[in-house]
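# What the coordinates show
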Amino acid sequence: MRADYIQVHRKVNNDTFGCDPTYFEQFIKGKPLKVIYQNPEHYVRVQDENQEEWGLFPGQYTHQSAAGDSEASQKQESV
């Protein structure tokens, strides 16, 4: 099942993204990032709330089914 949103993994930081630390904290860290492309090898292209696009590889992100709704998706999958 394809995720509509992802969040960056805890170990990812602004250096990984190649952006300013302030930008990373404001628009990326802990935020749901909209998936706009995903290939079979699980590389994803995402868009932050500022409409900037970023590429992430497996291990750099975790899946969410909807923006800010990871708990509800886990409950649905377990039913």
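Attention in this report is confined to the structure presented alongside it. Because the structure is predicted, anything quoted here is derived from the model rather than measured. (Residues numbered from 1 in each chain as written. Predicted model: local features only at pLDDT ≥ 70, side-chain atom pairs only at ≥ 80, totals over all residues. Heavy atoms only, no water.)

### Thoughts on the nonpolar core
- Membership of the largest hydrophobic core comes to 16 residues, with the highest contact counts inside it found for Val 8, Phe 17, Ile 28, Val 46 and Leu 56.
- Secondary structure elements with two or more residues in this core: β1 (5-8), α2 (21-28), β2 (33-38), β3 (44-47) and β4 (53-56).
- Residue contributions to this core peak at four residues, all from α2.
- Aside from chain neighbours lying at most four places away, what touches Leu 56 is Ile 6, Val 8, Phe 17, His 42, Tyr 43, Val 44, Val 46 and Tyr 61. (Core = buried A, V, L, I, M, F, W, Y, C linked by side-chain atoms within 4.5 Å. Buried < 20%, exposed > 50% of the residue type's maximum accessible area, 1.4 Å probe, protein only. Helix = DSSP H or I, 4+ residues; strand = E, 2+ residues; numbered from the N terminus. Contact = heavy atoms within 4.5 Å.)

### As for α2
- Among the residues making up α2, those that are buried are Tyr 23, Phe 24, Phe 27 and Ile 28. The buried residues of α2 occupy one face: seen down the axis, they fall within an arc of 100°.
- Where α2 is buried, its residues contact β1, α1 (14-17), β2 and β4.
- Two or three places before Thr 22, at the start of α2, stands the capping residue Asp 20, its side-chain oxygen 2.9 Å from that residue's backbone nitrogen. (Arc of directions from axis to C-beta. Polar contact = N/O pair within 3.5 Å; in protein donor to acceptor, adjacent residues only side chain to side chain.)

### Examining the side chain of Asp 48
- Mapped onto the elements of the fold, Asp 48 is located in the loop between β3 and β4.
- Buried charge Asp 48 goes without a salt bridge, the closest partner of opposite sign being Arg 45 at 10 Å.
- For Asp 48, the residues in contact, after removing those within four places along its chain, are Tyr 23, Phe 27, Ile 28, Leu 33 and Trp 54. (Lys, Arg positive; Asp, Glu negative; His and termini not counted. Salt bridge = Lys/Arg side-chain N within 4 Å of Asp/Glu carboxyl O.)

### Re the packing of aromatic side chains
- Overall, the coordinates contain five aromatic pairs when judged by the stated rule.
- Taken together, the ring pairs in this structure connect Phe 17, Tyr 23, Phe 24, Phe 27 and Trp 54 into an aromatic cluster. (Phe/Tyr/Trp six-rings, centres within 6.5 Å; stacked < 30°, edge-to-face > 60°.)

### Some remarks on unusual backbone geometry
- We note that His 42 has phi near 75°; this positive angle belongs to a residue other than glycine.
- Look at Gln 51: it is not a glycine, yet its phi comes out positive at around 65°.
- Within the secondary structure, Gln 51 is located in the loop between β3 and β4.

### Here we look at the pattern of salt bridges
- Taken as a whole and judged by the stated rule, the model has two salt bridges.
- Across the pair Lys 29 and Glu 25 runs a salt bridge whose closest N-O atoms are separated by 3.7 Å.
- The class of Lys 29 is partly exposed, set by a relative accessible area of 47%.
- With its nearest N and O atoms 3.4 Å apart, the salt bridge here joins Glu 53 to Arg 45.

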